[in-house]
Structures are given as C-alpha cells and as structure tokens.
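Chain by chain, the residues:
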Amino acid sequence: MGDLVVGIGARDGVDPDTVLAAISAVVDDPTELHALATLERKATESSIAIAAAELGVPVLGFTADELSAVDVPTPSGRVAAEVGTPSVAEAAALLGAGGGDLLVRKRARNGVTVAVARNVW
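Residues numbered from 1 in each chain as written. Predicted model: local features only at pLDDT ≥ 70, side-chain atom pairs only at ≥ 80, totals over all residues. Heavy atoms only, no water.

Caption draft 1: Quick peek at the overall build of the protein. In terms of regular secondary structure, the protein is built from 5 helices and 5 strands. Listing each helix as α and each strand as β along the protein from the N terminus yields β-α-β-α-β-α-α-α-β-β. On C-alpha atoms alone, the protein measures out to a radius of gyration of 12 Å, which is about the 14 Å that the 2.2 N^0.38 rule sets for 121 residues. For the protein, contacts bridging at least 24 residues in sequence account for 59% of all contacts bridging at least 6. Accessible area for the protein stands at about 5800 Å²; split by element, carbon and sulfur atoms hold 49% of it. Between the mean site of the 9 positive side-chain charges and the mean site of the 16 negative ones, the protein shows a separation of 8 Å. (Helix = DSSP H or I, 4+ residues; strand = E, 2+ residues; numbered from the N terminus. Rg over C-alpha atoms; globule rule 2.2 N^0.38 Å. Contact = heavy atoms within 4.5 Å. Areas by Shrake-Rupley, 256 points an atom, 1.4 Å probe, with all protein chains shown as cover. Lys, Arg positive; Asp, Glu negative; His and termini not counted. Charge placed at Lys NZ, Arg CZ, Asp CG, Glu CD.)

Caption draft 2: Here's a closer look at helix 1 (residues 16-24). Every buried residue of helix 1 is accounted for by Thr18, Val19, Leu20, Ala22 and Ile23. N-cap assignment for helix 1: the residue whose side-chain oxygen lies 3.0 Å from the backbone N of aspartate 17 is aspartate 15. (Buried < 20%, exposed > 50% of the residue type's maximum accessible area, 1.4 Å probe, protein only. Polar contact = N/O pair within 3.5 Å; in protein donor to acceptor, adjacent residues only side chain to side chain.)

Caption draft 3: Up close: the nonpolar core. Within the largest apolar cluster, 21 residues are counted, with the highest numbers of intra-cluster contacts made by Val6, Ile8, Leu36 and Val112. Aside from chain neighbours lying at most four places away, what touches valine 6 is Ile23, Val27, Leu33, Ala35, Leu36, Ala37, Val114, Ala115 and Val116. Within the second largest apolar cluster, 18 residues are counted, among which are Ala37, Ala64, Ala91 and Ala93. (Core = buried A, V, L, I, M, F, W, Y, C linked by side-chain atoms within 4.5 Å.)

Caption draft 4: Looking closely at the pattern of salt bridges. Inspection of every chain in the model, using the stated rule, returns 3 salt bridges. Across the salt bridge formed by arginine 118 and aspartate 3, the nearest N and O atoms sit 3.0 Å from each other. One end of the pair, arginine 118, is in strand 5 (residues 112-118); the other, aspartate 3, is in the segment before strand 1 (4-10), and 115 residues separate them in sequence. Between aspartate 12 and lysine 42 there is a salt bridge, with its nearest N and O atoms 2.6 Å apart. Separated by 30 residues along the polypeptide, aspartate 12 in the loop between strand 1 and helix 1 and lysine 42 in the loop between strand 2 (33-39) and helix 2 (46-55) bring together distant segments of the chain. Taking relative accessible area as the criterion, aspartate 12 reaches 59% and is therefore assigned exposed. (Salt bridge = Lys/Arg side-chain N within 4 Å of Asp/Glu carboxyl O.)

Caption draft 5: The environment of aspartate 3, seen in detail. Among the residues examined, aspartate 3 registers a relative accessible area of 28% and is labelled partly exposed. Here the alpha-carbon distance between aspartate 3 and tryptophan 121, two residues 118 residues apart in the chain, equals 8.2 Å.

Caption draft 6: Seen up close, the side chain of histidine 34. Inspection of the secondary structure assignment puts histidine 34 in strand 2. When its relative accessible area of 18% is taken as the criterion, histidine 34 is described as buried. Side-chain polar atoms of histidine 34 contact the side chain of asparagine 119, separated by 3.2 Å. Setting aside chain neighbours within four positions, we find histidine 34 in contact with Met1, Gly2, Asp3, Leu4, Val5, Val57, Pro58, Asn119 and Trp121.

Caption draft 7: Layout of the environment of glycine 99. Assignment of secondary structure puts glycine 99 in the loop between helix 5 (89-96) and strand 4 (102-109). Given the relative accessible area of 56%, glycine 99 is considered exposed. Sequence separation between glycine 99 and glycine 61 is 38 residues, and the spatial gap between their C-alpha atoms is 15 Å. Not counting residues within four places of it along the chain, the set of residues in contact with glycine 99 comprises Leu94 and Val120.

Structural data, given as structure tokens:
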C-alpha cells in the first residue's frame with residue numbers, strides 16, 4: 001500500500017469508470033495509493049466505492065464540518081453552497097493524509113474533482 005490519498009468530489013450519478021479515469025489522470029501508479037477520501041455521504045456512493053474496491057484501497061469519509069475546517073488553496077463558493085463545505089477534494093485529501101502535503105491541487109473532469117496529498121504516517 002502506498003502513501004498517496006486521492007480526495008474526490010463527484011456529482012451524483014457519475015459512473016465508476018469516470019472516477020477511475022480522474023484518479024489515473026493524477027496518479028501514475030495505483031500501487032502508490034493509500035486511500036480515497038471524500039464527503040461522508042459520498043463514501044458509500046457506488047461509483048467511489050467501486051473505484052476504491054477496484055484499486056484495492058479503503059474510502060475515508062469526512063463530514064462537511066470536518067472538511068470546512070481545512071485550509072485549502074482553491075476553495076469554491078459553489079461547492080460550499082451545494083454541500084456545506086468550500087472544498088471536498090483538496091480538504092478530503094489533506095485530512096485523509098493526516099495533514100500531509102498537497103501534491104496535486106484540485107482538477108475537475110467529467111463531473112469528478114480530484115486532488116492528491118501524501119500521507120504523513
């Protein structure tokens with residue numbers, strides 16, 4: 001198991017292949033993955049759960065309050081209005097990595113936003 005945590009924000013109804021494509025756009029080697037991280041209510045959403053199962057990593061879920069407490073480089077007012085936190089992907093990646101370094105700022109494609117942080121433990 002690797003030391004990278006991919007934070008994921010996804011629109012409802014996005015399919016697992018789209019989630020996997022977004023992850024592969026920011027992580028070259030899936031063996032470097034430690035976990036996927038997202039908004040708590042999305043942690044069990046089939047597309048993210050299926051992607052995690054295919055990659056062999058757990059999904060970490062965080063509440064909007066937990067995510068809101070994380071200082072991120074690119075907060076979004078639109079995301080805050082929709083889900084109650086100005087960041088899902090970046091904040092989830094940082095929380096999932098135990099406060100490690102953000103290696104990849106959020107990148108959005110096809111309804112999926114991803115960011116990558118390096119685990120500190």
